[in-house]
Amino acid sequence: MTKSKYILDAAHSSVDFQVKHMMISKVKGTFEKFSADITMDVEDLTTADISFTIEADSVNTKQEQRDGHIKGEDFFNVEKFPTIDFKATEITKKSGDKYNMAGELSLAGVTQPVTFDVTFEGQSKNPMDGTTVAGFSANTTIRRKDFGIVYNSPLETGGVLIGDDIKISVEIEVSTAE
(Lines give C-alpha, C1' and ligand atoms only; values in the text may rest on other atoms or scores of the structure.)
Protein backbone atom coordinates (compact mmCIF):
# COMPACT_ATOMS: atom_id res chain seq x y z
CA MET A 1 0.00 0.00 0.00
CA THR A 2 0.93 3.65 -0.13
CA LYS A 3 0.96 6.35 2.47
CA SER A 4 -2.24 8.33 2.98
CA LYS A 5 -2.95 11.57 4.79
CA TYR A 6 -4.99 11.07 7.97
CA ILE A 7 -7.04 13.67 9.81
CA LEU A 8 -7.21 13.73 13.61
CA ASP A 9 -10.68 13.27 15.06
CA ALA A 10 -10.35 15.47 18.15
CA ALA A 11 -13.81 14.47 19.39
CA HIS A 12 -12.58 10.88 19.77
CA SER A 13 -9.03 11.66 20.92
CA SER A 14 -7.34 12.83 24.11
CA VAL A 15 -4.00 13.97 25.48
CA ASP A 16 -3.77 13.38 29.23
CA PHE A 17 -1.09 13.48 31.91
CA GLN A 18 -0.60 12.69 35.57
CA VAL A 19 1.93 13.69 38.21
CA LYS A 20 2.46 12.81 41.88
CA HIS A 21 1.16 15.38 44.37
CA MET A 22 2.66 15.61 47.88
CA MET A 23 4.28 12.20 47.35
CA ILE A 24 0.95 10.47 48.14
CA SER A 25 -1.57 11.03 45.35
CA LYS A 26 -1.79 11.78 41.64
CA VAL A 27 -3.13 14.85 39.88
CA LYS A 28 -4.48 14.24 36.40
CA GLY A 29 -4.95 16.72 33.63
CA THR A 30 -5.82 16.96 29.98
CA PHE A 31 -5.22 19.28 27.06
CA GLU A 32 -8.38 20.49 25.37
CA LYS A 33 -6.80 21.68 22.09
CA PHE A 34 -4.33 19.75 19.95
CA SER A 35 -3.72 18.81 16.34
CA ALA A 36 -1.71 16.26 14.39
CA ASP A 37 -0.17 15.90 10.97
CA ILE A 38 -0.14 12.20 10.08
CA THR A 39 0.78 10.49 6.83
CA MET A 40 1.00 6.71 7.02
CA ASP A 41 0.46 3.30 5.53
CA VAL A 42 -1.39 1.25 8.17
CA GLU A 43 0.24 -1.88 6.70
CA ASP A 44 3.71 -0.49 7.55
CA LEU A 45 3.55 2.04 10.38
CA THR A 46 7.35 2.23 10.54
CA THR A 47 7.24 4.56 7.52
CA ALA A 48 4.72 7.00 9.05
CA ASP A 49 5.34 10.74 9.26
CA ILE A 50 3.84 12.07 12.50
CA SER A 51 3.88 15.42 14.25
CA PHE A 52 1.69 16.64 17.06
CA THR A 53 0.98 20.13 18.40
CA ILE A 54 -0.71 20.91 21.72
CA GLU A 55 -1.93 24.37 22.67
CA ALA A 56 -0.27 24.71 26.09
CA ASP A 57 -2.86 27.14 27.43
CA SER A 58 -5.58 24.51 26.92
CA VAL A 59 -4.37 22.59 30.00
CA ASN A 60 -7.22 21.52 32.28
CA THR A 61 -6.71 19.91 35.70
CA LYS A 62 -10.24 20.78 36.88
CA GLN A 63 -8.83 23.43 39.21
CA GLU A 64 -8.66 26.94 37.75
CA GLN A 65 -6.01 28.33 40.12
CA ARG A 66 -3.67 25.37 39.48
CA ASP A 67 -4.25 25.67 35.71
CA GLY A 68 -3.28 29.33 35.87
CA HIS A 69 -0.07 28.45 37.71
CA ILE A 70 0.77 25.71 35.19
CA LYS A 71 0.31 28.20 32.32
CA GLY A 72 2.68 30.67 34.02
CA GLU A 73 6.45 31.07 34.07
CA ASP A 74 7.01 28.36 36.74
CA PHE A 75 5.79 25.68 34.32
CA PHE A 76 4.72 26.06 30.65
CA ASN A 77 5.21 29.83 30.25
CA VAL A 78 2.50 29.85 27.59
CA GLU A 79 3.00 33.51 26.67
CA LYS A 80 6.54 32.73 25.52
CA PHE A 81 5.97 29.09 24.46
CA PRO A 82 2.34 28.72 23.31
CA THR A 83 2.67 25.16 21.97
CA ILE A 84 4.05 21.80 23.00
CA ASP A 85 5.32 20.00 19.92
CA PHE A 86 6.33 16.44 19.08
CA LYS A 87 7.90 15.22 15.84
CA ALA A 88 8.50 11.50 15.32
CA THR A 89 11.98 10.67 14.05
CA GLU A 90 11.86 6.85 14.04
CA ILE A 91 9.14 4.25 14.46
CA THR A 92 10.13 0.64 15.10
CA LYS A 93 7.92 -2.41 15.43
CA LYS A 94 8.28 -4.31 18.71
CA SER A 95 5.79 -7.11 18.11
CA GLY A 96 2.25 -7.56 16.81
CA ASP A 97 0.55 -4.16 17.05
CA LYS A 98 3.18 -2.68 19.43
CA TYR A 99 5.68 -0.01 18.33
CA ASN A 100 8.28 2.36 19.72
CA MET A 101 7.94 5.91 18.39
CA ALA A 102 11.04 8.01 19.05
CA GLY A 103 11.04 11.71 18.45
CA GLU A 104 11.72 15.20 19.68
CA LEU A 105 9.43 16.81 22.27
CA SER A 106 9.56 20.60 22.69
CA LEU A 107 8.14 21.86 25.98
CA ALA A 108 8.66 25.27 27.60
CA GLY A 109 11.42 26.14 25.14
CA VAL A 110 13.44 22.94 25.64
CA THR A 111 13.61 20.08 23.13
CA GLN A 112 14.47 16.56 24.32
CA PRO A 113 14.31 13.08 22.80
CA VAL A 114 11.28 11.07 23.95
CA THR A 115 10.07 7.57 23.08
CA PHE A 116 6.40 6.60 23.20
CA ASP A 117 5.14 3.04 23.54
CA VAL A 118 2.45 2.85 20.84
CA THR A 119 -0.32 0.33 20.29
CA PHE A 120 -2.12 0.24 16.95
CA GLU A 121 -5.69 -0.38 18.12
CA GLY A 122 -6.94 -1.30 14.64
CA GLN A 123 -8.83 0.15 11.73
CA SER A 124 -12.36 0.15 10.41
CA LYS A 125 -14.62 1.78 7.84
CA ASN A 126 -16.75 4.66 9.08
CA PRO A 127 -20.37 3.71 8.20
CA MET A 128 -21.32 7.41 7.92
CA ASP A 129 -18.88 8.48 5.22
CA GLY A 130 -16.87 5.41 4.15
CA THR A 131 -13.52 6.78 5.30
CA THR A 132 -10.92 4.49 6.86
CA VAL A 133 -10.63 5.08 10.60
CA ALA A 134 -7.66 3.99 12.73
CA GLY A 135 -6.96 4.17 16.45
CA PHE A 136 -3.76 4.41 18.47
CA SER A 137 -2.72 4.53 22.11
CA ALA A 138 0.63 6.05 23.06
CA ASN A 139 2.28 6.36 26.47
CA THR A 140 5.51 7.74 27.84
CA THR A 141 6.99 9.21 31.00
CA ILE A 142 9.11 12.35 30.95
CA ARG A 143 11.05 14.12 33.67
CA ARG A 144 9.94 17.73 33.91
CA LYS A 145 13.42 18.79 35.11
CA ASP A 146 14.76 17.65 31.71
CA PHE A 147 12.65 20.46 30.22
CA GLY A 148 13.80 23.09 32.70
CA ILE A 149 10.59 22.91 34.75
CA VAL A 150 12.01 22.82 38.28
CA TYR A 151 9.43 24.65 40.40
CA ASN A 152 8.71 22.78 43.63
CA SER A 153 8.22 23.12 47.38
CA PRO A 154 9.69 20.88 50.08
CA LEU A 155 7.26 19.11 52.40
CA GLU A 156 7.53 19.26 56.17
CA THR A 157 7.38 15.46 56.28
CA GLY A 158 10.06 15.05 53.62
CA GLY A 159 9.82 14.86 49.87
CA VAL A 160 8.39 17.52 47.58
CA LEU A 161 5.04 18.95 46.58
CA ILE A 162 5.22 17.93 42.88
CA GLY A 163 6.76 14.78 41.43
CA ASP A 164 9.32 15.01 38.65
CA ASP A 165 7.93 12.17 36.51
CA ILE A 166 5.03 13.10 34.23
CA LYS A 167 3.09 10.22 32.70
CA ILE A 168 1.63 11.13 29.31
CA SER A 169 -1.17 9.17 27.67
CA VAL A 170 -2.43 9.86 24.15
CA GLU A 171 -5.49 8.21 22.62
CA ILE A 172 -6.14 9.17 19.02
CA GLU A 173 -8.57 8.33 16.31
CA VAL A 174 -7.77 9.38 12.77
CA SER A 175 -9.51 9.01 9.43
CA THR A 176 -8.47 9.24 5.82
CA ALA A 177 -9.20 12.51 4.08
CA GLU A 178 -12.54 12.37 2.27
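Predicted, not measured: the structure shown is a model, and the values here were computed from it.

Quick look at the overall build of the protein
On a plain count of helices and strands, the protein comes out with one helix and 11 strands. Listed N to C, the secondary structure of the protein is β-β-β-β-β-β-α-β-β-β-β-β in terms of helices and strands. For 178 residues, the compact-globule formula gives about 16 Å, and the C-alpha radius of gyration of the protein, at 17 Å, lands near that figure. The principal-axis extents of the C-alpha atoms in the protein amount to approximately 60 × 30 × 30 Å.

Looking at the nonpolar core
Ranked by size, the top nonpolar core spans 48 residues in total, and within it Met40, Phe52, Phe76, Phe116, Phe136 and Val174 carry the most contacts. Val174 has contacts with Tyr6, Ile7, Leu8, Asp9, Ile38, Met40, Thr132, Val133, Ala134 and Phe136, leaving out every residue within four places of it along the chain.

So, the side chain of Ser13
By secondary structure assignment, the location of Ser13 is in the loop between strand E1 (4-8) and strand E2 (14-21). The class for Ser13 is buried, based on a relative accessible area of 13%. Of note is the side chain of Ser13, whose polar atom sits 2.7 Å from the backbone oxygen of Asp9. Beyond its immediate stretch of four places on either side in the chain, Ser13 contacts Leu8, Phe34, Glu171, Ile172 and Glu173.

Things to note about the pairing of strand E8 (residues 98-107)
Side chains Tyr99, Met101, Gly103, Leu105 and Leu107 project from E8 onto a buried face, and the interleaved Lys98, Asn100, Ala102, Glu104 and Ser106 project onto a face without burial. Between strand E7 (residues 83-95) and E8, which follow one another and run antiparallel, lie two residues, and Gly96 among them has a positive phi close to 50°. Connecting E8 to the antiparallel partner strand E9 (residues 110-125) that follows it, the hairpin turn spans two residues, and Ala108 within it adopts a positive phi of roughly 55°.

A closer look at the pairing of E7
Relative to E7, strand E5 (residues 49-55) runs antiparallel, the two sharing five bridges. Looking at the pairing, Phe52 lines up with Phe86 of E7. Across nine bridges, the pairing between E7 and E8 is antiparallel. Bridging across to E8, Lys87 finds its partner in Glu104.

Quick notes on the pattern of salt bridges
The full count for this structure, using the stated rule, is five salt bridges. Where Lys3 meets Asp49, a salt bridge forms, and the shortest distance between an N and an O atom there is 2.9 Å. With Lys3 in the segment before E1 and Asp49 in strand E5, this pair connects stretches of sequence that are 46 residues apart. Put simply, Lys5 and Asp37 hold a salt bridge, and the shortest N to O gap is 2.1 Å. Within this pair, whereas Lys5 is found in strand E1, its partner Asp37 is found in strand E4 (residues 34-40), the two being separated by 32 residues in sequence. For Asp37, a relative accessible area of 39% puts it in the partly exposed group.

Some thoughts on the packing of aromatic side chains
What the rule picks out here adds up to six aromatic pairs. Taking the centre distance of 5.4 Å and the plane angle of 65° together, the rings of Phe75 and Tyr151 count as edge-to-face. With Phe75 in the loop between helix H1 (64-71) and E7 and Tyr151 in the loop between strand E10 (132-143) and strand E11 (162-176), this pair connects stretches of sequence that are 76 residues apart. Of the residues examined, Phe75 reaches a relative accessible area of 12% and is grouped as buried. Arranged with centres 5.1 Å apart and planes meeting at 80°, the rings of Phe86 and Phe116 form a pair that is edge-to-face.

Thresholds applied
- Residues numbered from 1 in each chain as written.
- Predicted model: local features only at pLDDT ≥ 70, side-chain atom pairs only at ≥ 80, totals over all residues.
- Heavy atoms only, no water.
- Helix = DSSP H or I, 4+ residues; strand = E, 2+ residues; numbered from the N terminus.
- Rg over C-alpha atoms; globule rule 2.2 N^0.38 Å.
- Core = buried A, V, L, I, M, F, W, Y, C linked by side-chain atoms within 4.5 Å.
- Buried < 20%, exposed > 50% of the residue type's maximum accessible area, 1.4 Å probe, protein only.
- Contact = heavy atoms within 4.5 Å.
- Polar contact = N/O pair within 3.5 Å; in protein donor to acceptor, adjacent residues only side chain to side chain.
- Pairing = 2+ DSSP bridges.
- Salt bridge = Lys/Arg side-chain N within 4 Å of Asp/Glu carboxyl O.
- Phe/Tyr/Trp six-rings, centres within 6.5 Å; stacked < 30°, edge-to-face > 60°.

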